[in-house]
Amino acid sequence: MTTTYFTRLLAISLCLSGAVTAQEKKLLGYPENEAAQQLQLEDRFNKKLSSVHIGETIRSLSSRPHHVGSARGKAVAEDILQRFKSYGWDAEIVTYQVLFPTPKERVLELTGPVSYKAVLKEPALKEDATSGQEGQLPTYNCWSADGDVSGELVFVNYGLPDDYEYLARAGVDVRGKIVIAKYGRSWRGIKPKVAQEHGAIGCIIYSDPKDDGYYNGDVYPQGAFKNEYGVQRGSVMDMVIYPGDPLTPDIGATAAAKRLDRQAATNLLKIPVLPISYHDAAPLLRALDGPVVPEDWRGALPFTYHIGPGKAKVHLKLSFDWQIRPCYDVIAKLKGRELPDQWVIRGNHHDAWVNGAADPISGLAALLEEAKAIGELAREGYKPRRTLVYCAWDAEEPGLLGSTEWVEDHATELREKAVVYINSDSNGRGFLYASGSHALETLVNEVARDITDPQTQVSILARKQAADMVRATTPKLKKEKLARQTININAMGSGSDYSSFLQHLGVPSLDFGFGGEDAGGEYHSIYDSYDDYTRFKDPGFHYGVTLSQTAGHTALRIADAVTLPFDFRRLYETASGYVSELTELTANMREATAIENQLVKERKYLLAADTAKRLQPPALKDPVPYIDFSPLQNALITLDTITQALTAGKIIADKLQVNKAFYLAEQQLLNEKGLPSRPWYKHTLYAPGFYTGYGVKTIPGVREAIEQRRWTEATEQIQSAAAALNRLAAHLRTIVNI
């Protein structure tokens, strides 16, 4: 495809998108007359949003460090409470008592072949007004174990399972050693988890400049990227087992809650873990000898990277206070006029590792602006059909504690009342990012169609479509994107406050944010500040307004819909695609395993290898059996029939029955036994990956069993997922005439 031809097609696509925005104003779930009224309400809502006010909120709430349990953290919660009340909402602080360790001692030393003591501190900068404040949490990984360990150092690349397969081929064993891994490619908590599984006694994680430092652009404060002293704090809780307070799984962490002994908490590590800057990492990595790393392991530091082990030895000593601390969730409600027991829930967390201008205050400021605008509408006479519940969560950063404890504490009520949960977190300049329950995908497209991008003046839908087209990697994919008038939303993994709603209770959920033009290295550092945000993330706070519009319109449309705007046809199509992916994955694994085993048996790896590197061939793998996917395929046939009938309007139930059936439908996709080895996660379509963390695995029970070559488990999980799809079909069948 020529550049000129592609450009012409793209222009046509954008024009068509604009035509749709201007002419088609049908809203899913609304009769025509009420659709017009709803759009007028949204226009009034938009006029009450202020980028200036959003900027003032970001500046105010990020003016001091405010981590969970701190005095400033409590003050921020009280500030938010008073804002909600001033907007006319019925608001309260709900307090939980959660475990949250902070450091007492941190020591990292290179003891051989030369000596070096790590700085473990980010310096204040004159260009960043808040970077030298008191009350900052030091650089650490929350939920590291206490430990005082010494040993040989081994570089493990990103510290993922595939990296350890390469180490085995290179003859490197990490048992009894301390590993150093790069941030990136997976959630940080996976790196010490995999190290622990392989027998390491400690784990160091550093940010390589190739990933978010000088390799990408000028470093802070001159540019947006991580300077040599910047460090990413963060949780290393094994959240893929369960999030929330480690001592109170499945129950709210109230003052009277029965708590586990800390040693019995299965989501806590047993080895010490510490994050460091690339300033502190460089002497450690430079001291390594042993094999030179393969090309795709190399970072951007100015020396040759080696794996070790050898002469490089380190001493790592960490201890923590392991205190129970108060966690302040702010919950605000605006009661529905007709259906007060149907809740549309909107949330964003308020706690930060340090000042947190981007993460989380940029998203929280948008949420508060929505609440202010809705409050003004209410003073003018507006009353939502359903109850709006706006939430500012505490203790998200250590492991989704505030939202998880609230959800576990109110589980029975939420199973009955929660229509949807709408989440946001960090926000910046760029493109719409949307993920969530796929029955809500049509709604997301309609909302995105009606909101204007502040930079290009086309809809945020058209801009996202254009980005998807341009970024498609093949001409075939580009043509497919050009032919579509809609966007797909992503599946949800973990990493923000939607997890407990969707993956534990089956509440339909969405997550919104903007970004892609706001790259930098400030994440979880002292430089996530108002000064950084106004220069590099969203100057002018225009995308703060756009996020308010996106999440606010979504909340209002669901709250006021005559028929809840769920499109189960999109859910069926998505699930069908997932099943096709699984069958293709298994077939590809079968072929790849057979070919690789043949190469090993015929000594091709040995003959092709550089003999000086002494790299061993991969281990032989068991053949991939033929797996029976027919239970899933048959379940999809049934769901196909039901969703076609819904789309055709063959509904026999009354409006109240239909709406309740719609918002309870997601719960049918739960398996009450949960996923293998992690029963807290119950959703059969979406879960964070066991070795990806934030990254999603779709139909996770089946997919991970196949990936990890547990064939009996794969067959069992096919039955489980098929049963969930059949429950969904049976649930929806009660309201259709077929």
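Residues numbered from 1 in each chain as written. Predicted model: local features only at pLDDT ≥ 70, side-chain atom pairs only at ≥ 80, totals over all residues. Heavy atoms only, no water.

Colleague: Summarise the sheet that holds strand β16 (residues 509–516); cite the residues concerned and give the values.
Modeller: Where strands meet in a sheet, backbone hydrogen bonds hold them as pairs that are either parallel or antiparallel. Read from one edge of the open sheet, seven strands run β1-β11-β13-β12-β14-β16-β15, paired in mixed fashion. Of all the strands in the sheet, the pair left with one neighbour each is β1 (90–100) and β15 (430–436). Neighbour to neighbour, the strand axes of the sheet diverge by 20 degrees on average, direction disregarded. The pairing of strand β11 (residues 323–334) with strand β13 (residues 386–393) spans five bridges and is antiparallel. Of the residues in β13, the one forming a bridge with Ala-332 is Tyr-390. Relative to strand β12 (residues 339–349), helix α21 (residues 655–664) is tilted by about 30 degrees, and along the sheet it contacts β12, β13 and β14 (418–424). (Pairing = 2+ DSSP bridges. Helix = DSSP H or I, 4+ residues; strand = E, 2+ residues; numbered from the N terminus. Axes fitted to C-alpha atoms, helices over the stretch in contact; angles between N-to-C directions. Contact = heavy atoms within 4.5 Å.)

Colleague: If you had to explain the nonpolar core to someone new, which residues and values would you point to?
Modeller: If you look at the biggest cluster of nonpolar residues, it comprises 220 residues, and the most contacted ones within it are Phe-84, Trp-89, Ile-180, Tyr-206, Leu-285 and Trp-406. The element best represented in this core is helix α9 (residues 357–379), accounting for 12 residues. (Core = buried A, V, L, I, M, F, W, Y, C linked by side-chain atoms within 4.5 Å. Buried < 20%, exposed > 50% of the residue type's maximum accessible area, 1.4 Å probe, protein only.)

Colleague: For the environment of Val-76, give the residues involved together with the corresponding values.
Modeller: Considering the arrangement of structural elements, one finds Val-76 in helix α4 (residues 71–86). Each C-alpha atom of the pair Val-76 and Glu-152 lies 44 Å from the other, and the pair is 76 residues apart in sequence. Discounting chain neighbours no more than four positions away, the residues touching Val-76 are Leu-61, His-66 and His-350.

Colleague: Tell me what's going on with α9, and back it up with residues and numbers.
Modeller: Between its first and last C-alpha atoms α9 spans 30 Å; for 23 residues at 1.5 Å apiece the expected length is 33 Å, and the two agree. Counted residue by residue, α9 has 20 buried out of 23 residues, so it is predominantly covered. Just past α9, the residue Gly-381 takes up positive phi, approximately 115 degrees. (Expected span 1.5 Å × (residues − 1).)

Colleague: Explain the packing of helix α22 (residues 700–707) against helix α23 (residues 711–733) residue by residue, including any values.
Modeller: Two numbers describe a pair of packed helices, the interaxial angle and the distance between the axes. Look at α22 against α23: their axes get within 8 Å of each other, and the N-to-C directions meet at 165 degrees. Relative to α23, α22 is oriented roughly antiparallel. For the pair α22 and α23, the crossing hand works out as left-handed. Contacts between α22 and α23 involve Gly-701, Val-702, Ala-705 and Ile-706 from the first element and Trp-711, Glu-713, Ala-714, Gln-717 and Ile-718 from the second. In terms of residue class, the contact of α22 with α23 is built from six nonpolar, two polar and one charged. (Parallel < 35°, antiparallel > 145°, perpendicular 65-115°, else oblique. Left-handed = near helix turned anticlockwise from the far one by under 90°. Nonpolar A, V, L, I, M, F, W, Y, C, P; charged D, E, K, R; others polar.)

Colleague: Break down unusual backbone geometry for me, citing the residues and quoting the values.
Modeller: Here the bond from Gly-112 into Pro-113 is cis, since omega is 5 degrees, no more than 30 degrees from zero. For Pro-113, the position within the fold is in the loop between β2 (103–112) and β3 (116–117). The residue after Asp-359, namely Pro-360, is reached through a cis peptide bond having omega 15 degrees. Among the structural elements, Pro-360 can be located in helix α9. Located in the positive-phi region is Arg-185, a residue other than glycine, with phi close to 65 degrees. Accessibility expressed as a relative area gives 63% for Arg-185, which makes it exposed.

Colleague: Could you give an account of the side chain of Ser-494, naming the residues involved and the relevant values?
Modeller: In this fold, Ser-494 is placed in the loop between α14 (475–483) and α15 (499–505). Here Ser-494 is in contact with Met-239, Leu-400, Ser-499, Tyr-681, Pro-688, Gly-693 and Tyr-694, once residues within four sequence places are set aside.

Colleague: Just give me the short version of the pairing of strand β9 (residues 273–276), but keep the residues and values in it.
Modeller: Of the two faces of β9, both are covered, the one formed by Val-273 and Pro-275 as well as the one formed by Leu-274 and Ile-276. Of the strand pairs in this sheet, strand β7 (residues 202–206) and β9 are connected by four bridges, and their pairing is parallel. Paired with Cys-203 across the strands is Val-273, a residue of β9.

Colleague: Hey, could you go over a positive patch on the surface for me, with residue numbers and the actual values?
Modeller: Together, Arg-185, Lys-210, Arg-298 and Lys-613 make up a positively charged patch on the protein surface. Of note, Lys-210 is situated in helix α7 (residues 209–212). Taking the relative accessible area as the measure of exposure, Lys-210 reaches 33% and is therefore partly exposed. (Patch = residues over 30% accessible without salt bridge, like charges linked within 9 Å, V, L, I, M, F, W, Y side chains within 5 Å. Areas by Shrake-Rupley, 256 points an atom, 1.4 Å probe, with all protein chains shown as cover. Salt bridge = Lys/Arg side-chain N within 4 Å of Asp/Glu carboxyl O. Lys, Arg positive; Asp, Glu negative; His and termini not counted. Charge placed at Lys NZ, Arg CZ, Asp CG, Glu CD.)

Colleague: Pulling in residues and values, what's your account of the sheet that holds strand β5 (residues 147–155)?
Modeller: Pairing in this open sheet of seven strands is mixed, and the strands run β3-β2-β10-β5-β6-β7-β9 from one edge to the other. Either end of the sheet is taken by a strand with one partner, and the two such strands are β3 and β9. Sheet contacts for helix α6 (residues 190–197): β6 (178–182), β7 and β9; angle to β7, the most-contacted strand, approximately 150 degrees.

Colleague: Provide a residue-level description of the pairing of β5, including the pertinent values.
Modeller: Sheet topology note: the β5/strand β10 (residues 313–320) ladder contains six bridges and is antiparallel. Along β10, the bridge assignment pairs Val-149 with Leu-316. Here β5 pairs with β6 via three bridges, running parallel. Directly across from Phe-155, in β6, lies its bridge partner Ile-180.

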